[in-house]
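Residues per chain, in single letters:
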Amino acid sequence: MDDVLTEQFVRNAWSVAAWDFEVEPGKVHARRILGEDVALYRDAQGKVVAMVDRCCHRLAPLSRGQVEAGNLRCMYHGLLFDPSGRCIEVPQMAKPPRALTVRTFPVVERDRYIWIWMGDAERADTALVPDAHWQVDPAWRSIPGYVHYEAANYLLIMDNLLDFSHLGFVHATTLGGGRSADIKPKIERFDWGVRVTRWYLNDDLPPFLAKVARFRGPVDRWQVYEWHAANNLLSMDSGSAPARTGAPEGHIVPEACVFHSVQSLTPESATSTHYFWTFAHNFELDNAAITRELADQIEIGFGEDKAMIQAQQQVILDHPHAKMTGIPADAALHHVRQLIGKLLV
């Protein structure tokens, strides 16, 4: 597949369409997903409905419509569509013809994510929805986050997440990782994606933890993350414990800072991407200030990523014939790129 830019997307898979709170009862939420404009709303039972954002009459945007008793009315000429996309009312017509329909997409609401299946509806197996329970588990706390990449293909963001050697350079004073480029990770390859494991032994406390850590001094730090290629989802266990207290052997002392992050990419277009994320912690659960501080620090780091990746995208657009040259740190992203290439066939 193209090394730098693609207008092809994996459609027969679950993608994150929105956070649950973005689709409010009685309102319509518009979002472009995999190059398709979609209108999201809740029916009479509160279930999310996803329709192509085009009325089949004059192609007016249904996202400008009005929710009526769980149905969606186009506010151009008044056609009313039920949650299946069937037109059930047309002014001046006793019975709307069957041809008046709008395409709908399978939707699953789980773990605060609204998942959408943009491909063949018959293949939409809910068992394939990735696990993101940390976002609702009472043993964890997090704040939902969102970054809109206005000018970056999702593959470039994926590459960034699959190679943490950049932490010591892009995030030197924020997310940290001064020795990240020198650490060779363990990479496990699967037919669904990769698992990458990195350990920073006897390392400095990452800058973003300075305000929340319950200890000082050197740390043993870990990042174990899985990337699900079909869904563009990262699920990462990470943390920092006082050095030499047994973390590499699986003994996590009470004062350690343990996290689980879920990060999901949904292509908007060939050069724009929706980025949904949480950074959950399992300590100080009743301290909302800690949750807020962590989210703020992570958001700063993600802003640094965005600035670099969007600048990279511009260089690619300015020099369409330039080629990327691989280095050892690219091992995980090469495997996932190959998997995505197979999924596009």
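Each remark here, short or long, concerns the structure printed above.
> Break down the pattern of salt bridges for me, with residues and values.
All told, the structure shown has 15 salt bridges when counted by the stated rule. Arg337 is the salt-bridge partner of Asp159, the closest N and O atoms lying 2.6 Å from each other. Of the two residues, Asp159 sits in helix α1 (residues 154–162) while Arg337 sits in helix α4 (residues 331–343), which places them 178 residues apart along the sequence. On the accessibility criterion, Asp159 (11% relative accessible area) is buried. Shared partners join several salt bridges into a network, and the residues in it are Glu68, Arg73 and Glu89.

> Pulling in residues and values, what's your account of unusual backbone geometry?
Its identity is not glycine, yet Leu34 carries a phi of approximately 55°, on the positive side. Examined against the element boundaries, Leu34 turns out to sit in the loop between β2 (29–33) and β3 (36–42).

> Explain the side chain of Thr278 to me, and be specific about the residues and the numbers.
Within the fold, Thr278 resides in strand β18 (residues 272–281). Here the side chain of Thr278 touches Gln135 through a polar contact of 2.9 Å, side chain to side chain. Apart from the residues within four sequence positions on either side, Thr278 is in contact with Trp19, Gln135, Ser142, Ile143, Pro144, His260, Ser261 and Val262.

> An account of the sheet that holds strand β7 (residues 80–81) is needed here, citing residue identities and associated values.
Spatially, β5-β6-β7-β8 is the arrangement adopted by the four strands of the open sheet, whose pairing is antiparallel. Looking at which strands have only one partner, the edges of the open sheet turn out to be β5 (66–68) and β8 (87–89). As judged from the three bridges shared by β5 and strand β6 (residues 71–73), these two strands associate in the antiparallel manner. Its bridge partner being in β6, Gln66 is matched across the sheet by Arg73.

> Lay out the packing of α1 against helix α3 (residues 288–318) in plain terms, naming residues and giving numbers.
Running from N to C, α1 and α3 cross one another at 130°; their axes reach a closest spacing of 10 Å. Looking at the two axes, α1 sits oblique to α3. Here the hand of the crossing between α1 and α3 comes out right-handed. Residues Leu156, Ile157 and Asn160 of α1 form the contact with α3, whose own contacting residues are Asp305, Ile309, Gln312, Gln313 and Ile316. Taken together, the residues of the contact of α1 with α3 sort by class into four nonpolar, three polar and one charged.

Cut-offs used in this document
Residues numbered from 1 in each chain as written. Predicted model: local features only at pLDDT ≥ 70, side-chain atom pairs only at ≥ 80, totals over all residues. Heavy atoms only, no water. Salt bridge = Lys/Arg side-chain N within 4 Å of Asp/Glu carboxyl O. Helix = DSSP H or I, 4+ residues; strand = E, 2+ residues; numbered from the N terminus. Buried < 20%, exposed > 50% of the residue type's maximum accessible area, 1.4 Å probe, protein only. Polar contact = N/O pair within 3.5 Å; in protein donor to acceptor, adjacent residues only side chain to side chain. Contact = heavy atoms within 4.5 Å. Pairing = 2+ DSSP bridges. Axes fitted to C-alpha atoms, helices over the stretch in contact; angles between N-to-C directions. Parallel < 35°, antiparallel > 145°, perpendicular 65-115°, else oblique. Left-handed = near helix turned anticlockwise from the far one by under 90°. Nonpolar A, V, L, I, M, F, W, Y, C, P; charged D, E, K, R; others polar.

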